[in-house]
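Here is what each chain is made of, one letter per residue.
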Amino acid sequence: MLSRFRTVLAALWLGLVATLAAVAAPVLFAGLERADAGRLAGNLFRIEAHAALGFAAALFLIERRLASLRVRAGQGSVLSVNLLLVLGALFCTVLGYFALQPMMEAARAGQGRLSFGVLHGISSALFALKGLLLLGLVWRCAGTH
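Residues numbered from 1 in each chain as written. Predicted model: local features only at pLDDT ≥ 70, side-chain atom pairs only at ≥ 80, totals over all residues. Heavy atoms only, no water.

With reference to specific residues and values, describe helix α4 (residues 116-142).
The terminal C-alpha atoms of α4, which comprises 27 residues, lie 38 Å apart, in line with the 39 Å expected from a rise of 1.5 Å per residue. Within the sequence span of α4, burial applies to L119, S123, L126, F127, K130, G131, L133, L134, L137, V138 and C141. Tucked into the core, α4 has its buried residues touching α1 (2-31), α2 (34-72) and α3 (81-108). (Helix = DSSP H or I, 4+ residues; strand = E, 2+ residues; numbered from the N terminus. Expected span 1.5 Å × (residues − 1). Buried < 20%, exposed > 50% of the residue type's maximum accessible area, 1.4 Å probe, protein only. Contact = heavy atoms within 4.5 Å.)

Take a look at the structure:
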């Protein structure tokens, strides 16, 4: 039951990331002025970043519990690949949104060492990496039922 719940949570998080990247952001930029689209996309990415903290916390707790059960059964360690995937996705969120977003706002105001474009590129790469890590997590979780 716990492993199924883990799979559902991971799939929901991946779905949110994929929907933002492949649907919401492109539609906003295709239909609105650039500044308005950027503002709305920023709000959507803020929501995803906060949701990601919840997904990561829940998945971390589930993975720790499942790893603990495996260790007691003599089948593995407390550090699993799935746990590393969750932590990697969390790292991408923390760095990609919570660290870079304030720097992007400063760059937009003409402050800081890096340009908005460079910071946006780094943030986008981290978002893409998070999606790949979540895809790997969902793939692994779906194969354990």
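Tell me what's going on with the pattern of salt bridges, and back it up with residues and numbers.
Inspection of the entire model under this criterion finds four salt bridges. With its nearest N and O atoms 2.9 Å apart, the salt bridge here joins E48 to K130. Separated by 82 residues along the polypeptide, E48 in helix α2 and K130 in helix α4 bring together distant segments of the chain. Accessibility classification places E48 together with K130 in one group, the buried group. The residue E105 makes a salt bridge to R108 at a minimum N-O spacing of 2.8 Å. Of the two residues, E105 and R108 are both situated in helix α3; the distance of three residues between them amounts to about one turn of the helix. (Salt bridge = Lys/Arg side-chain N within 4 Å of Asp/Glu carboxyl O.)

Summarise α1; cite the residues concerned and give the values.
For α1, with 30 residues, the first-to-last C-alpha span of 42 Å sits near the 44 Å given by 1.5 Å per residue. Along α1, the helix axis deviates most sharply at L20, where the bend reaches about 45 degrees. If you check which residues of α1 are buried, you get S3, R6, T7, L9, A10, W13, L14, V17, L20, A24, A25 and L28. Buried-residue contacts for α1 involve α2, α3 and α4. (Bend = angle between axes of the 7 residues up to and from the residue.)

Outline the side chain of N82, supporting the account with residue identities and numerical values.
Relative to the assigned elements, N82 resides in helix α3. Residue N82 is classed as buried on the basis of its relative accessible area of 6%. At 2.6 Å, the side chain of N82 and the side chain of R140 are in polar contact. With near-sequence residues (within four places) excluded, N82 lies in contact with R6, E63, L137, R140 and C141. (Polar contact = N/O pair within 3.5 Å; in protein donor to acceptor, adjacent residues only side chain to side chain.)

How would you summarise the environment of L134 if you had to cite specific residues and measurements?
Inspection of the secondary structure assignment puts L134 in helix α4. With a relative accessible area of 0%, L134 lands in the buried category. Here the alpha-carbon distance between L134 and G15, two residues 119 residues apart in the chain, equals 9.3 Å. Beyond its immediate stretch of four places on either side in the chain, L134 contacts W13, L14, V17 and A89.

Account for the packing of α1 against α2, with residues named and values stated.
Close contact between α1 and α2 brings their axes to 10 Å; oriented N to C, the two are set at 170 degrees. Compared by their axis directions, α1 and α2 come out roughly antiparallel. Per-class residue counts for the contact of α1 with α2 are 26 nonpolar, two polar and five charged. (Axes fitted to C-alpha atoms, helices over the stretch in contact; angles between N-to-C directions. Parallel < 35°, antiparallel > 145°, perpendicular 65-115°, else oblique. Nonpolar A, V, L, I, M, F, W, Y, C, P; charged D, E, K, R; others polar.)

With reference to specific residues and values, describe the packing of α1 against α4.
Each packed pair of helices is defined by two parameters, the angle between the axes and the distance between the axes. Two numbers describe how α1 lies on α4: the axes approach to 9 Å, and their chain directions differ by 150 degrees. Between α1 and α4, the angle falls in the class roughly antiparallel. As for the relative orientation of α1 and α4, their crossing is left-handed in sense. Contacts from R6, T7, A10, A11, W13, L14, V17, L20 and A21 in α1 reach F127, K130, G131, L134, L135, L137, V138, C141 and A142 in α4. By residue class, the composition of the contact of α1 with α4 is 14 nonpolar, two polar and two charged. (Left-handed = near helix turned anticlockwise from the far one by under 90°.)

Note that all results are geometric; they support no functional claim without further evidence.
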